[in-house]
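What follows is the residue order along each chain.
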Amino acid sequence: MVSKAEKKRRPKAEQPKGFRDYFGTAVLQRMEVLRRIEAVYQSYGFDPLETSAVETVEALGKYLPDVERPNEGIFAWQEDDTWLALRYDLTAPLSRVYAQYRQQLPQPYRRYAMGPVWRNEKPGLGRYRQFYQCDADTVGSASIAADAEICAMLGDTLEAIGILRSDYIIKINHRKLLNGVLETAGLRDQNERDAVLRTIDKFDKVGVNGVRQLLGTGRLDSSGAFIEGIGLSDLQIEAITDFLTAYSGDDSVCLKDLRSRVEGAATGREGVDELEKISELLAAQGYGDDRVTIDTAIVRGLGYYTGAVFEAELTSLIRDNSGRQQRFGAVAGGGRYDDLVKRFVGQAVPATGVSIGIDRLFAALEVAGQFAIEANGPVLVTVMDRERMTDYQTMAAELRQAGVRAEVYLGNPKNFGNQLKYADRRNSPAAIIEGTDERARGVVQIKDLRLGAEIAKTANLEEWQQRPSQVEVVRDEMVSKIQEILEKKP
């Protein structure tokens, strides 16, 4: 007999906060998106790499922007005398792999990687603690052309997924330019500079006034808590915030303006020169500033970037949970990180790359009420007679051999209506029906479920007659008829 105490120990069926389950269609959609991304990455000459989900904390390093919780941000545990952690991105493991196998790898090394990463951070709209990333990186090349290539490939990838050219923009900036502005403003302490960069990275969330407050004495956040500021002078704050809003809408004009701002800082001038070269390389390939443009507010939160940084932002408006219209923001980003491998080998190794956040991208499409890819379920072979399961399984096998996804209904076949309801839940494009009468006459009934759903929206008798959603075909033509239905666009 089960005691009351044992009943109380029954676990609660709920997922941890910040994590998400994916079912059927969503998983198939993600697989298709990954396939499309992989095809673009491969077309640019990148090779696949798969690393373990677990790294040593020492190898990962601490580059997350969560400085308020220096011992947090990752999921870690101690094993003997070694701290291990789930990877928080795919770039830090790449630096370890390159350092470990560099003698066997081609130079430069061009790889792409896809898989889940984990961050112990506060969840938000489209932000989860476990999420998929799709990275592509070039390690071992200092050429500015490598940065331009990554930006071009990012644009091609977004369009391959199904995002319209008018619905995204890739924004680029340069860490050397940012450092030049900070130097011009009199900020030379690296810790202070890092604090300013982290503050600038919040520009899209708090706006220019919020950044101005955080650079100064501080501000109240949305919860009413006071966030202490960095304590810069009014002149320093003005120089930084004026730089954030420097973009003019024309990259050539913007570059001229930026050059005048960092005239006295060699690092800043170098950053402007490299930005100009990237723009020229992209323009020569047909990527104008309508697709890739300079944005001085782009910083990137990770601390290992040393050169060009970029983000891909969805520009179409969506509604949040409160019904307010807003832009979803960045779904991909990256940049140059010439010092990350140096931690292992003792010398700078140039590298640049991009990462696409698949889950955040899907969240944007979901909130907008659209997906770039529609995933069909299997063709359903219904069961009219339990004793004839062999015949039904034979039908499904024939369809599979022809490359058609198919399954036999394995629930209780007594209620035929429930079988069709099951087909609807499975998003099945068609159902096959063969009862005793059909079997005797050597035919099958094929129900085009997509067409039926389309016609049902009007429920016009004449249309039902002109476009019947259920047809009878001889048994030998079953496969060809199903293929014909599947080839038609829904």
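Structural notes, computed from the coordinates. The structure presented is a predicted model; accordingly, all values stated were derived computationally and were not measured. (Residues numbered from 1 in each chain as written. Predicted model: local features only at pLDDT ≥ 70, side-chain atom pairs only at ≥ 80, totals over all residues. Heavy atoms only, no water.)

**Things to note about the overall build of the protein chain**
Thought 1: Across its full length, the protein chain holds 19 helices and 18 strands.
Thought 2: When the 490 residues of the protein chain are sorted by exposure, 46% land in the buried category.
Thought 3: Contacts in the protein chain between residues at least 24 apart in sequence constitute 69% of all its contacts with a sequence separation of at least 6.
Thought 4: A total of about 25300 Å² of accessible surface is found on the protein chain, and carbon and sulfur atoms cover 48% of it. (Helix = DSSP H or I, 4+ residues; strand = E, 2+ residues; numbered from the N terminus. Buried < 20%, exposed > 50% of the residue type's maximum accessible area, 1.4 Å probe, protein only. Contact = heavy atoms within 4.5 Å. Areas by Shrake-Rupley, 256 points an atom, 1.4 Å probe, with all protein chains shown as cover.)

**Quick word on the sheet that holds strand β17 (residues 443-448)**
Thought 1: An order of β15-β14-β16-β17-β18 is seen for the 5 strands of this open sheet, with the pairing classed as mixed. Of all the strands in the sheet, the pair left with one neighbour each is β15 (406-408) and β18 (470-474). On average, each strand axis in the sheet is inclined to that of its neighbour by 25°, with strand direction left out of account.
Thought 2: Looking at chain direction, strand β16 (residues 430-433) and β17 are connected through 4 bridges and run antiparallel. (Pairing = 2+ DSSP bridges. Axes fitted to C-alpha atoms, helices over the stretch in contact; angles between N-to-C directions.)

**Considerations on unusual backbone geometry**
Thought 1: In this structure, the amide linkage connecting Q107 to the following residue, P108, adopts the cis form with an omega of -5°.
Thought 2: Phi is positive for D80, which is not a glycine, with a value near 60°.
Thought 3: With respect to the element layout, D80 can be found in the loop between β3 (76-79) and β4 (82-86).

**Quick word on the environment of V139**
Thought 1: Here V139 shows up in strand β6 (residues 130-139).
Thought 2: Separated by 212 residues in the primary sequence, V139 and A351 have C-alpha atoms spaced 4.2 Å apart.

**A few points about the pattern of salt bridges**
Thought 1: Scanning all chains against the criterion turns up 29 salt bridges.
Thought 2: Its salt-bridge partner being D295, residue K171 comes within 3.3 Å of it at the nearest N-O pair. On the criterion of sequence distance, the pair formed by K171 in strand β7 (residues 168-174) and D295 in the loop between β10 (292-294) and β11 (308-319) is long-range, its members being 124 residues apart. Across the pair, D295 and K171 agree in class, each one buried.
Thought 3: The salt bridge partner of E270 is K176, with a shortest N-O separation of 2.6 Å. Placement of E270 in helix α11 (residues 266-284) and of K176 in helix α6 (residues 175-184) is noted, with a sequence separation of 94 residues between them.
Thought 4: Each member of the salt-bridge network shares a partner with another, and the members are D156, E159, R165 and R291. (Salt bridge = Lys/Arg side-chain N within 4 Å of Asp/Glu carboxyl O.)

**Topic: the packing of aromatic side chains**
Thought 1: Counted by the stated rule, this structure contains 3 aromatic pairs.
Thought 2: With 6.0 Å between their ring centres and 55° between their planes, Y41 and Y112 make a pair best called tilted. With Y41 in helix α2 (residues 24-43) and Y112 in strand β5 (residues 109-118), this residue pair connects regions lying 71 residues apart in the sequence. The same class applies to Y41 and to Y112, which are both buried.
Thought 3: Ring centres of Y409 and Y422 lie 5.3 Å apart, and the angle between their planes is 70°; on these two criteria the pair is classed as edge-to-face. Taken together, the residues span a long stretch of sequence, with Y409 in the loop between β15 and α15 (416-425) and Y422 in helix α15 at a distance of 13 residues.
Thought 4: What makes Y409 buried here is its relative accessible area of 10%.
Thought 5: The exposure class assigned to Y422 is partly exposed, which follows from its relative accessible area of 29%.
Thought 6: Here the basic side chain of R30 rests over the ring of Y22, its NZ or CZ set 5.0 Å away from the ring centre. (Phe/Tyr/Trp six-rings, centres within 6.5 Å; stacked < 30°, edge-to-face > 60°. Lys NZ or Arg CZ within 6 Å of the ring centre and 35° of its normal.)

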